[in-house]
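Descriptive structure summary
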Amino acid sequence: MFEVPHLGDALPLVPSDPRWIEVALTDLDAVHADHLHCERKAAQSALSLIRSYPERADLVEAMARLAHDETRHVVQVARLLVRRGQPASYDLGDDYAAQLRTLIRGREPERLLDRLLVFAVIEGRSAERLALLAGALEDEKARELYASLAEAEVRHRDSFLALARDAAPATWQARAAELAAAEAELLAHRMILARIH
Ligand SMILES: [Fe+2]
Ligand SMILES: [Fe+2]
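**Focus on the overall build of the protein chain**
When helices and strands are tallied, the protein chain shows 7 helices and 0 strands. When its helices and strands are written in sequence order, the protein chain yields α-α-α-α-α-α-α. Scaling as 2.2 N^0.38, a compact globule of 197 residues should have a C-alpha radius of gyration of about 16 Å, and the protein chain matches this with 16 Å. For the protein chain, the spread of C-alpha atoms along the principal axes amounts to about 45 × 30 × 30 Å. For the protein chain, buried positions account for 48% of its 197 residues. Within the protein chain, contacts between residues separated by at least 24 positions form 84% of all contacts whose residues are at least 6 apart in sequence. Accessible surface for the protein chain amounts to roughly 10000 Å². Of this, 56% is attributable to carbon and sulfur atoms.

**Focus: the nonpolar core**
Leu11, Leu49, Leu59, Met63, Leu116 and Phe160 are the most contacted members of the largest nonpolar core, which has 34 residues in total. Elements with a minimum of two residues in this core: α2 (28-52), α3 (57-84), α4 (95-101), α5 (110-136), α6 (140-167) and α7 (172-188). Ranked by the residues each element gives to this core, the list is headed by α5, at 9 residues. Not counting the four nearest positions on each side in its chain, Leu59 is found in contact with Leu49, Ile50, Tyr53, Leu112, Leu116 and Leu163.

**A few points about the confidence of the model for the protein chain**
With 96% of its residues at a pLDDT of at least 70, the protein chain reaches an overall mean of 94. Ranking the elements of the protein chain by mean pLDDT puts α4 last, at 95, and α3 first, at 98. Under a pLDDT of 50 for its full length, residues 1-7 has, in the predicted model, 16 contacts with residues more than four places off or in other chains.

**Looking at the coordination of the iron ion (ligand 2)**
For the iron ion (ligand 2), the full set of protein donor atoms is Glu70 (OE), Glu123 (OE), Glu123 (OE), Glu153 (OE) and His156 (ND1), at a range of 1.9 to 2.5 Å. Between the iron ion (ligand 2) and the iron ion (ligand 1), a spacing of 3.6 Å is present, and a bridge between the two is formed by Glu70. One end of the pair, Glu123, is in helix α5; the other, His156, is in helix α6, with 33 residues separating them in the sequence. The exposure class assigned to Glu123 is buried, which follows from its relative accessible area of 6%.

**Remarks on the coordination of the iron ion (ligand 1)**
Within the protein, Glu39 (OE), Glu70 (OE), His73 (ND1) and Glu153 (OE) serve as the donor atoms for the iron ion (ligand 1), at 1.9 to 2.2 Å. Classification of the site at the iron ion (ligand 1) rests on its 4 donor atoms, whose angles at the metal span 92 to 140 degrees, yielding the label irregular. When the donors of the iron ion (ligand 1) are listed by position in the chain, the intervening gaps give E-x30-E-x2-H-x79-E.

**Here we look at the pattern of salt bridges**
The full count for this structure, using the stated rule, is 17 salt bridges. The salt bridge involving Asp139 is made with Arg83; its shortest N-O contact spans 3.3 Å. With Asp139 in the loop between α5 and α6 and Arg83 in helix α3, this pair connects stretches of sequence that are 56 residues apart. The class of Asp139 is partly exposed, set by a relative accessible area of 37%. By sharing partners, the salt bridges in this structure join Arg105, Asp114, Arg175 and Glu178 into a single network.

**Notes on the packing of aromatic side chains**
What the rule picks out here adds up to 1 aromatic pair. Summarising the aromatic geometry, the rings of Phe119 and Phe160 are spaced 5.5 Å apart at their centres and angled 40 degrees between planes, so their arrangement reads as tilted. Here Phe119 is found in helix α5, whereas its partner Phe160 is found in helix α6, with 41 residues between them in sequence. A relative accessible area of 12% places Phe119 in the buried class.

**Digging into the side chain of Arg115**
For Arg115, the position within the fold is in helix α5. Summary of buried charges: Arg115 has no salt-bridge partner, and the nearest side chain of opposite charge, Glu108, is 5.6 Å away. Side-chain polar atoms of Arg115 contact the side chain of Ser48, separated by 3.4 Å. Apart from the residues lying within four places of it in its own chain, the contact partners of Arg115 are Ser48, Leu49, Ser52, Tyr53 and Ile104.

What counts, and where the lines are drawn
- Residue positions are counted from 1 within each chain, in the order its sequence is given.
- Here the convention is simple: chains get letters from A, ligands get numbers from 1, in the order in which they are written.
- The predicted origin of the model limits local features to residues at a pLDDT of at least 70 and limits the giving and counting of side-chain atom pairs to 80 or more, whereas totals for whole chains, interfaces and linings rest on all residues.
- Heavy atoms throughout the structure, all of them, feed into the side-chain values; hydrogens and water do not.
- We count a stretch as a helix when DSSP gives it H or I for four or more residues in a row; a strand needs E for two or more, and each element gets its number in order from the N terminus.
- Radius of gyration here uses only the C-alpha atoms, and the compact-globule reference equals 2.2 Å multiplied by the residue count raised to the power 0.38.
- Using a 1.4 Å probe on the protein chains alone, a residue whose accessible area is under 20% of its type maximum counts as buried, one over 50% counts as exposed, and one in between counts as partly exposed.
- Any two residues whose heavy atoms approach within 4.5 Å at even a single point are treated as in contact.
- Calculation of accessible area relied on Shrake-Rupley with a 1.4 Å probe; when residues are assessed, cover is drawn exclusively from the protein chains displayed.
- As used in this record, nonpolar core signifies buried Ala, Val, Leu, Ile, Met, Phe, Trp, Tyr and Cys residues forming a set joined through side-chain atoms within 4.5 Å.
- Per-residue confidence from the predictor is given as pLDDT, running between 0 and 100.
- Metal donors: N, O and S atoms at distances within 2.8 Å, or within 3.2 Å for Na, K and Ca, with water omitted from the atom set so that some sites may seem incomplete.
- Any site counts as irregular unless it has four donors with all angles between 85 and 135 degrees, making it tetrahedral, or four or six donors with opposite ones more than 155 degrees apart and the rest between 65 and 115, making it square planar or octahedral.
- Take a side-chain nitrogen of Lys or Arg and a carboxyl oxygen of Asp or Glu: if they are within 4 Å of each other, that pair is a salt bridge.
- We call Phe, Tyr and Trp rings a pair once their centres come within 6.5 Å, taking the six-membered ring for Trp, and we label the pair stacked below 30 degrees between planes, edge-to-face above 60, and tilted otherwise.
- Lys and Arg are tallied as positive, Asp and Glu as negative. Neither His nor the chain termini are counted.
- Polar contacts, as counted here, are pairs of nitrogen or oxygen atoms within 3.5 Å of one another; within protein the pair requires one atom able to donate a hydrogen and one able to accept it, and residues that are adjacent in sequence qualify only if both atoms are side-chain atoms.

Below is the structure:
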């Protein structure tokens, strides 16, 4: 069985409240419909970094590849919705990501570091929750899909962490720890919803 990935040492995210998976399993239609938009927004976020930092060749290549992965994930989740015979829904908005984005400092070079690390946090949290779903879903094909998606999001987390390390070798680890702590605080005050975040 696929194990919940160990979240990177540089980004010590707290485990999700155990009630999250219980709530998620009560309304899988909502979780899957939300998940489609998570994958779509991950692709858009990766492309937005290329718009902001076209002169950084490593970042451009990593983000183009990542956006490619995420659009493939959109296809996979869209097919899952069809297979389940469940409706898709419009994006309900994502105040988890919006709250994390408020932690991004306005000035360069801190802004780049923070954007990379906030995306690393979102990928890390997504990986953990997709792995929890992989361990809990009844449908065999859906379990396999979620296990493969969780592995991909771990790779994405690490690719953001590597870019953060290269962008700010002296400060990235301390800032990663700060943002991980801020995310734990944010989660502690959030309602648990049948959504990915
Ligand atoms: Fe993804
Ligand atoms: Fe991802």
